[in-house]
Amino acid sequence: MKGQRCLSVVLSIAIAAAAVVGANAQDDARRDGRELYLDFGCHQCHGFEGQGSQASPPNPRIAPTPYPFEAFAAFVRTPVRLMPPYSPNVMSDEQLRAIYDYVAAIPEPPGIDDIPALRDL
Amino acid sequence: MANDDKSDGLNRRGFLAGATAAGLAAVPLSKTTNVDAQESNRASAPLPNSMDAAMEHEIPGGYTGEQAKNYFVHHPGSDFMVDVLAALDLDYVALNPGSAFRGFHESILNYGGNRKPEILTCVHEEHAAAIAHGYAKVAKKPMAIACHGTVGIQHAAMAVYNAYADRVPMFILAADHGGIEDRTSQVLWTHTARDPLSPIKDYIKWDDYPRSLQHFGESAVRAYRYALTPPMGPVGIIMETVLQESDVHEHGLAVPEVLAPTLPLGDPNAIEEAADWLANAESPVIYADRFAQDQEGVDLLVELAELLQAPVVDQKGRMNFPNGHHLSQTAGVVGQADVILALEVRDIWGIVNRLQDAPDHTLTRAAPPNARVISLGTTEVNFGSNYQDFTRFYAADLPIAGDAQSSVPYLIEALRERISNRRASQISERRERWASAHASRRQASIDAARYAWNATPISTARMSLELYDLVKDKDWALTAPDNLHGSWETRLWNIERHYQTNGTSGAYGQGYGASSAVGAALGHREHGRLPICITGDGDTMYVPGVHWTAAHHHIPLLTVVHNNRAYHQEVMHVQKTAAWRQRGVDKGVEPGNIIDEPAIDFAALARSMGVFSTGPVASPSELRPALAQAIDVVEQGEPALVDVVSQPR
């Protein structure tokens, strides 16, 4: 019984530690993704939160991303409109994936009903 | 009806010939408006006859006649010049002082009493010209600016080019030391030119170098009329220094009667044919750029669009159409057009085609291949060729030269004659489609605005819409374009009245936003409106001193600096170019493009010139109180500035 309890405690600690490690890894990945997002200047057209802009030229919202990775990647590599192409020579697949994971994880903004200036338009 | 006319022999070739011969002639317009305009602008020279009497001057006590002649000037020519400006009903002259027009300057103050024109003190001639630009569009009348003939004109040049490209009248006075006997130092030689207006000659409508006061008066009236005849534009008159400063020797000086010009109408037969095309079109689309000159123009366009249930794309050269109207649509509608009506549109080629900004410059046609284009406007009454603001040539299927706003009532009348009840019923079926598209687009914009709402830097949506929430029940007027900060005003502010926006710069020259706003705000002042200028940090830094003019003259104006700390468009251009060249951006694209390190403190800058200011506002939660405080100041009659550290776009 005592042995079981010890095992349980050890397992709990291990799970908690794994969770922390997992969370830290996620944070690191998110931080790396954000850094790449800024380094590559994605925010210059799409905004710091990926919100997009209708300013000239108009740029689509990319976060929280409504696109699957494949579509996102295809648009970055072979854009059809105003965006320039980011080839693998300048942005690796890994970097592209990290950027995608970052923008996909940007939290949803508040709803319209929670923003008086928009709710009352 | 038009078909009947054509059977009488008025075919296409016939009316084109007519357009050249008659369509541009000064035709009296409506029975009331133009006549009223003429009457209200009928002015007579106030003082030239009294000038004659005054020439018999008294000799001051203690001086011989010879001494008095050497020492004193009794009735300088520049007094007459002030009379001429008063006759032209020019309320203001914006100037940075210059010795070459010291005589004129003194006459405004001591002869004219600094009224009509009243001096607006500017710290740079570029401000003076931009103030005149913004003012004319609001006040519906030109402002004069006065400059040194060489250095002053060169300083003013860029802002004059904006006004030219925007087809806005401006009355430019340039001083020059014409005679060598007057050039008392090398400075004056450097401030003299054989053709002082040459730096801006490619983009003014007309200029003259009068050799006598009578000549000055006549040329000033001619210039005024040319400036106000569509297409409007800046004009220039030289004020020669000896003419300003010497006693008047001319007898019988008179200023010609000042009448507002009647407006050139489109050829009536061409308008009939346009009505045929539009009445029978299944999917007509209207584009308007510099169309509406006042609220009447807006109301006419609403009437025309509703008659056809045709979507209107407002290109925003002027406020042409209410953005809340269900027929207010965006450029994508051209893809559905069978007939396109372009009203005072400068770039018709750009409506019909898309030329992609990419290494291969892909060209595609945006309009359906069979879409026919009717152009109505004065854009082809061009008066310049060096500067290429006329854009790429497009051969419209039915080009009608004439002032569009003045011609549209006749188009509406012709359409009413052609649209039967049955046809009207068919046309009305279009309504639902456009209403639905309009509502969807508006809802999408509201939804888009919530993204990054709580972000730092502050989103452009929040910057614009928190402000709107504070002013929407006030009598506000926007003074600057919104295309560089998300076009949120166009998308979600309720823009109904012509004065609520003030068009674009014309030539996209930096410094327009902040400085034209001061002129626009001056025009709004007498109406008690709340003028608002949202403009960039780059634009502001071209003309920071203009805020001093606003403070000095107590011109109420709320300036919101969209401070993204960069020439952001250029950031994107260099970044795009680097991507095309596969060089990446890891070395950064900031040098040459960012305005940071140190960050400019716009609030401190404004404060140093006597303008109430807050900022830098970096936190979203600080934005609303900062804006509210600034609005209070403006409502008390003074300028205020809020520096908002914001997202790039």
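For the structure, check the block above.
As the structure is a computational prediction, the values presented were derived from the model and not from experiment.

Chemist: Teacher, can you tell me more about the overall build of chain A here?
Modeler: Within chain A, the secondary structure is distributed over 5 helices and 0 strands. Along chain A, helices and strands appear, N-terminal first, in the series α-α-α-α-α. Out of the 121 residues in chain A, the part that is buried amounts to 37%. For chain A, the proportion of contacts with a sequence separation of at least 24, taken over those separated by at least 6, is 49%. Of the roughly 7000 Å² of accessible surface on chain A, 60% is carried by carbon and sulfur atoms.

Chemist: Honestly, the overall build of chain B in this entry has me stumped. Any pointers?
Modeler: A count of helical and extended segments in chain B gives 26 helices and 19 strands. Burial analysis of chain B (649 residues in total) assigns 57% to the buried set. Residue pairs at least 24 apart in sequence account for 81% of intrachain contacts in chain B once pairs closer than 6 positions are excluded.

Chemist: For this particular structure, what's the right way to read unusual backbone geometry?
Modeler: Residues and elements named next belong to chain B. With omega at 0°, the peptide bond leading from K116 into P117 counts as cis. Looking at where P117 falls in the secondary structure, it is placed in the loop between helix 7 (102-111) and strand 2 (118-121). The backbone of K116 shows a phi angle near 45°, a positive value even though the residue is not glycine. Within the chain, Y508 stands out as a residue other than glycine whose phi angle is a positive 60°.

Chemist: Can you help me understand the side chain of Q51 of chain A in this one?
Modeler: You can see Q51 of chain A is positioned in the loop between helix 2 (42-46) and helix 3 (69-77). Q51 of chain A sits in the buried class, given a relative accessible area of 9%. A polar contact is formed between the side chain of Q51 of chain A and the side chain of Q647 of chain B, at a distance of 2.9 Å. With residues near it in sequence (within four places) discarded, Q51 of chain A still touches H46 and R61 of chain A together with Y451, A452 and Q647 of chain B.

Chemist: I would appreciate a short explanation of the sheet that holds strand 10 (residues 339-343) of chain B in the present structure.
Modeler: To summarise the sheet geometry, strands pair through backbone hydrogen bonds and adopt either a parallel or an antiparallel arrangement. Residues and elements named next belong to chain B. If you trace the 6 strands from one edge of the open sheet to the other, you get 9-8-7-10-13-14, paired in parallel fashion. Looking at strand neighbours, the two that pair on one side only are strand 9 (328-329) and strand 14 (398-401), the edges of this open sheet. As judged from the 4 bridges shared by strand 13 (residues 372-377) and strand 14, these two strands associate in the parallel manner. Looking across to strand 14, one finds that G377 is bridged to A401.

Chemist: Would you mind showing me how to read the packing of helix 6 (residues 77-87) of chain B against helix 11 (residues 213-228) of chain B here?
Modeler: All names here are of chain B. It is the contact of helix 6 with helix 11, at a shortest axis distance of 10 Å, that shows an interaxial angle of 20°. Taken together, helix 6 and helix 11 sit at an angle that is classed as roughly parallel. Classified by chirality, the crossing of helix 11 by helix 6 is right-handed. From helix 6, G77, F80, M81 and V84 reach across to helix 11, where they touch L213, F216, G217 and A220.

Chemist: When you look at the pairing of strand 4 (residues 170-176) of chain B in this model, what are you seeing that I'm missing?
Modeler: Successive residues of a regular strand alternate their side chains across the two faces of the sheet. All names here are of chain B. Taking burial as the measure, the 7 residues of strand 4 include 7 buried ones, the bulk of the element. Here strand 4 shows two buried faces, one formed by M170, I172, A174 and D176 and the other by F171, L173 and A175. Two elements, strand 3 (residues 144-148) and strand 4, share 5 bridges in a ladder whose sense is parallel. Bridge assignment links C147 to a residue of strand 4, and that residue is A174. On the question of chirality, the crossover connecting strand 3 to the parallel strand 4 by way of helix 9 (residues 151-165) is right-handed. Here strand 4 runs beside strand 6 (residues 234-240); their pairing, made up of 7 bridges, is parallel. When the sheet's bridge partners are listed, L173 is paired in strand 6 with I237.

Chemist: What's the story with the nonpolar core in this structure? I'm lost.
Modeler: The nonpolar side chains of soluble globular proteins are, as a tendency, buried together. All names here are of chain B. Core analysis: the biggest nonpolar cluster contains 96 residues, and L304, L343, L415, L467, W493 and I532 have the highest contact counts within it. Per-element tally for this core: the top contributor is helix 14 (residues 295-308), with 8 residues. The residue makeup of this core includes at least three contributed by each of domain 1 (2-26 + 264-438) and domain 3 (452-565 + 600-645). Among residues more than four places away in sequence, those in contact with L415 are A275, L278, A279, L304, L307 and L308.

Chemist: Honestly, the sheet that holds strand 2 of chain B in this entry has me stumped. Any pointers?
Modeler: Residues and elements named next belong to chain B. The strand order across the open sheet built from 6 strands is 2-1-3-4-6-5, with neighbouring strands paired in parallel fashion. Two strands lie at the open edges of the sheet, namely strand 2 and strand 5 (206-208), each paired on one side alone. Neighbour to neighbour, the strand axes of the sheet diverge by 25° on average, direction disregarded. Pairing of strand 5 with strand 6 involves 3 bridges; the strand directions are parallel. Paired with W206 across the two strands is V235, which belongs to strand 6. Relative to strand 3, helix 9 is tilted by about 145°, and along the sheet it contacts strand 3, strand 4 and strand 6.

Chemist: For this particular structure, what's the right way to read the interface of chain B and chain A?
Modeler: Interfaces are frequently sized by the accessible area removed from exposure as the parts join. In this assembly, 40 residues from chain B lie in contact with 38 residues from chain A. Here chain B and chain A share an interface that buries about 3200 Å² over both sides, 60% of which is from carbon and sulfur atoms. At the junction of chain B and chain A, the tally comes to 1 salt bridge. Residue R450 of chain B pairs with E108 of chain A through a salt bridge whose shortest N-O separation is 3.5 Å. Connecting chain B to chain A are 12 residue pairs in polar contact (both at pLDDT 80 or more). Element by element, the count of residues in the side of chain B that touches chain A is highest for helix 24 (residues 568-580) of chain B, at 8 residues. Taken together, the residues that form the side of chain B that touches chain A break down as 17 nonpolar, 13 polar and 10 charged.

Here is what the cut-offs are and how they apply
Residues numbered from 1 in each chain as written. Chains lettered and ligands numbered in written order. Predicted model: local features only at pLDDT ≥ 70, side-chain atom pairs only at ≥ 80, totals over all residues. Heavy atoms only, no water. Helix = DSSP H or I, 4+ residues; strand = E, 2+ residues; numbered from the N terminus. Buried < 20%, exposed > 50% of the residue type's maximum accessible area, 1.4 Å probe, protein only. Contact = heavy atoms within 4.5 Å. Areas by Shrake-Rupley, 256 points an atom, 1.4 Å probe, with all protein chains shown as cover. Polar contact = N/O pair within 3.5 Å; in protein donor to acceptor, adjacent residues only side chain to side chain. Pairing = 2+ DSSP bridges. Axes fitted to C-alpha atoms, helices over the stretch in contact; angles between N-to-C directions. Parallel < 35°, antiparallel > 145°, perpendicular 65-115°, else oblique. Left-handed = near helix turned anticlockwise from the far one by under 90°. Right-handed = clockwise from strand over helix to strand, strands pointing away. Core = buried A, V, L, I, M, F, W, Y, C linked by side-chain atoms within 4.5 Å. Domains from an automatic or database assignment. Buried area = accessible area lost by both parts, 1.4 Å probe. Salt bridge = Lys/Arg side-chain N within 4 Å of Asp/Glu carboxyl O. Nonpolar A, V, L, I, M, F, W, Y, C, P; charged D, E, K, R; others polar.

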